[in-house]
Amino acid sequence: MARGINKVTLIGNLGSDPEVRQIPSGQTVANFTLATSDSYKDNSGTMQERTEWHRIVVWGRLAEICGQYLKKGRQVYLEGRIQTRSWDDQKTGEKKYATDIVCNEMQMLGGQGGSGGGSYGDAGQQQGSTPAQPQARPQQNDQAAPPATSQPPSGPMIENNDKDDLPF
């Protein structure tokens, strides 16, 4: 049986500066709000805009990066998952609920002075803000090439260099 998918992708503007703190276990956590807007026509044909506010939670090195680079109003792209938590209100005794987006990837968009930003993933490593490094080619076997008079290897050998036959 399939387990399901819990994935959220948001592009929006920060509603507040990230609040960064360390919890007793020593792990860093950042919290901030993100606004996403949606336009639609109502029944009378008038354009309306609806803004949704999302509570964002970021952990670890990515939380530190958010605290360092993100400011209120900054546009960001986030990926994460929805998580609902609950607690008992000490004053009223009622059970309270909050739904958060737990972010595991962040990319700064737009930016200050028109500069774009980097992309950050789970461990907070920057992804894609520096030019791609050329991939090292696999090392060839250190054995010398067989002499030109040797027999071809036995067994089936498929050699098709026609790129039009590739399934992708």
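Conventions we followed
Residues numbered from 1 in each chain as written. Predicted model: local features only at pLDDT ≥ 70, side-chain atom pairs only at ≥ 80, totals over all residues. Heavy atoms only, no water. UniProt positions renumbered as here; feature names shortened; annotations may be inferred. Helix = DSSP H or I, 4+ residues; strand = E, 2+ residues; numbered from the N terminus. Buried < 20%, exposed > 50% of the residue type's maximum accessible area, 1.4 Å probe, protein only. Areas by Shrake-Rupley, 256 points an atom, 1.4 Å probe, with all protein chains shown as cover. Pairing = 2+ DSSP bridges. Disulfide = S-S within 2.5 Å. Contact = heavy atoms within 4.5 Å. Salt bridge = Lys/Arg side-chain N within 4 Å of Asp/Glu carboxyl O. Core = buried A, V, L, I, M, F, W, Y, C linked by side-chain atoms within 4.5 Å. pLDDT = per-residue confidence, 0-100.

- The name an unreviewed UniProt entry assigns to the protein chain is Single-stranded DNA-binding protein, from the organism Chlorobium phaeovibrioides.
- What UniProt states about the protein chain under its Subunit (unreviewed entry) heading is, verbatim, "Homotetramer."

As for the overall build of the protein chain
Right, so step 1: Within the protein chain, the secondary structure is distributed over one helix and eight strands.
Right, so step 2: For the protein chain, buried positions account for 24% of its 168 residues.
Right, so step 3: Summing over all exposed atoms, the protein chain offers an accessible surface of approximately 13100 Å²; the carbon and sulfur share of this is 48%.

A few points about the pairing of strand β5 (residues 75–88)
Right, so step 1: Examined bridge by bridge, strand β1 (residues 8–14) and β5 share six bridges and lie antiparallel to one another. Considered in β5, the bridge of Asn13 is made with Gln75.
Right, so step 2: The pairing of β5 with strand β6 (residues 95–108) spans 13 bridges and is antiparallel. Bridging across to β6, Gly80 finds its partner in Cys103.
Right, so step 3: In this antiparallel pair of consecutive strands, β5 and β6, the connection spans six residues, and Gly93 shows a positive phi of 80°.

A short note on the state of the cysteines
As used here, a disulfide is simply a covalent bond connecting the sulfur atoms of two cysteines.
Right, so step 1: Scanning the entire structure with this criterion turns up zero disulfides.
Right, so step 2: Of all cysteine sulfurs, the one in Cys66 lies closest to Cys103, which takes part in no disulfide; the gap is 5.9 Å.

Some points on the side chain of Glu79
Right, so step 1: Here Glu79 shows up in strand β5.
Right, so step 2: In this view, Glu79 contacts Lys7, Val8, Thr9, Val102, Cys103, Asn104 and Glu105; residues no more than four positions away in its chain are not counted.

Considering the environment of Cys66
Right, so step 1: Summarising the element assignment, Cys66 is placed in helix α1 (residues 60–69).
Right, so step 2: Apart from the residues within four sequence positions on either side, Cys66 is in contact with Pro18, Phe32, Val58 and Met106.

Observations concerning the pattern of salt bridges
Right, so step 1: Evaluated as defined, the whole model comprises seven salt bridges.
Right, so step 2: The partner of Lys7 in a salt bridge is Glu79, with the nearest N and O atoms 3.4 Å apart. Separated by 72 residues along the polypeptide, Lys7 in the segment before β1 and Glu79 in strand β5 bring together distant segments of the chain.
Right, so step 3: Among the ionic contacts, a cluster of salt bridges with common partners joins Arg55, Arg85 and Asp100.

Quick look at the side chain of Thr36
Right, so step 1: In this structure, Thr36 sits in strand β3 (residues 28–41).
Right, so step 2: Of the residues examined, Thr36 reaches a relative accessible area of 15% and is grouped as buried.
Right, so step 3: Look past the residues within four positions of Thr36 in its chain and what remains in contact with it is Leu10, Ile11, Gly12, Arg50, Thr51, Glu52 and His54.

Some remarks on the nonpolar core
Right, so step 1: In this structure, Phe32, Ile56, Val58, Leu70, Leu78 and Met106 are the most contacted members of the largest nonpolar core, which totals 19 residues.
Right, so step 2: Residue assignment for this core shows that the elements contributing at least two residues are β1, β3, β4 (47–59), α1, β5 and β6.
Right, so step 3: Beyond its immediate sequence surroundings of up to four residues, Phe32 is in contact with Leu14, Ser16, Asp17, Pro18, His54, Arg55, Ile56, Val58, Cys66, Leu70 and Leu78.

Side note on the environment of Lys41
Right, so step 1: One can find Lys41 in strand β3.
Right, so step 2: Residues contacting Lys41, with those up to four places away along its chain left out, are Thr46 and Met47.

So, the pairing of β1
Working note: regular strand, side chains alternate between the two faces of the sheet.
Right, so step 1: Summarising the sheet, β1 and β3 pair through two bridges and their orientation is antiparallel. When the bridges of β3 are listed, Leu14 appears paired with Leu34.

Structural notes on the confidence of the model for the protein chain
Right, so step 1: For the protein chain, per-residue confidence averages 77 on the pLDDT scale, and 65% of positions sit at 70 or higher.
Right, so step 2: Looking over the protein chain, one finds the lowest element-wise mean pLDDT in strand β8 (residues 126–127), namely 48, and the highest in β1, namely 96.

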